[in-house]
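# Summary of the model geometry
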Amino acid sequence: MATSLSPLRLLLISVVAIIAMATWLITYNHLWDRPPDQDARAEAVLYNAATAITMIIGVTCMYVLLYLAGLLAALALIDPGYFSAQLQRPISIGTYLKLVWLASSVGIVAGALGSSLESEEAVRNATYGRRELERQRGRAADST
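Our subject in this report is the structure included herewith. (Residues numbered from 1 in each chain as written. Predicted model: local features only at pLDDT ≥ 70, side-chain atom pairs only at ≥ 80, totals over all residues. Heavy atoms only, no water.)

Take the environment of Val109 next. Counting through the fold element by element, Val109 comes out in helix α4 (residues 93-114). Distance from Val109 to Ala17, taken between C-alpha atoms, is 5.9 Å for residues 92 residues apart in sequence. (Helix = DSSP H or I, 4+ residues; strand = E, 2+ residues; numbered from the N terminus.)

Along its 22 residues, α4 runs 30 Å from first to last C-alpha, staying within 8% of the 32 Å computed at 1.5 Å per residue. Those residues of α4 that sit buried are Thr95, Tyr96, Val100, Leu102, Ser104, Ser105, Ile108 and Ala112. On the buried face of α4, the contacting elements are α1 (7-28), α2 (41-77) and α3 (80-87). The opening residue of α4 is Ser92, an N-cap whose side-chain oxygen sits 3.2 Å from the backbone nitrogen of Gly94. (Expected span 1.5 Å × (residues − 1). Buried < 20%, exposed > 50% of the residue type's maximum accessible area, 1.4 Å probe, protein only. Contact = heavy atoms within 4.5 Å. Polar contact = N/O pair within 3.5 Å; in protein donor to acceptor, adjacent residues only side chain to side chain.)

When the terminal C-alpha atoms of α2 are compared, their 52 Å separation across 37 residues agrees well with the 54 Å that a helix rising 1.5 Å per residue should span. Along α2, the positions that sit buried rather than exposed are Ala44, Asn48, Thr51, Met55, Val59, Tyr63, Tyr67, Leu71 and Ala74.

Next comes the structure, spelled out in structure tokens:
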């Protein structure tokens, strides 16, 4: 299937997968700031933009690492003769690249679902810096 898709379509699938994982992480772990009062909304826009950008950069980095690991695994494990026989045509490095490209996109979506197994606190610690965590704890203490 991967070899029949155009690079543009594979790129679109990758972008959608990265955005889907970032959105899932933000939504599932309640990382979107929803302030109760009007004064804090302008500040929340900045925090939410920083969260979204951080997530997209982080997920993109994970995607690249997954791609590189998948490429190494594919080159080591998939015999070129077998691969060529299955596709019923000659293969090239581009064939491996496209295979891993699609597999990485599917894998990143599976990773989003698997991230549900992590605690919300673990995701927050990985996402936010120390000062942001202190700010959120202070706000939570003020609301109780």
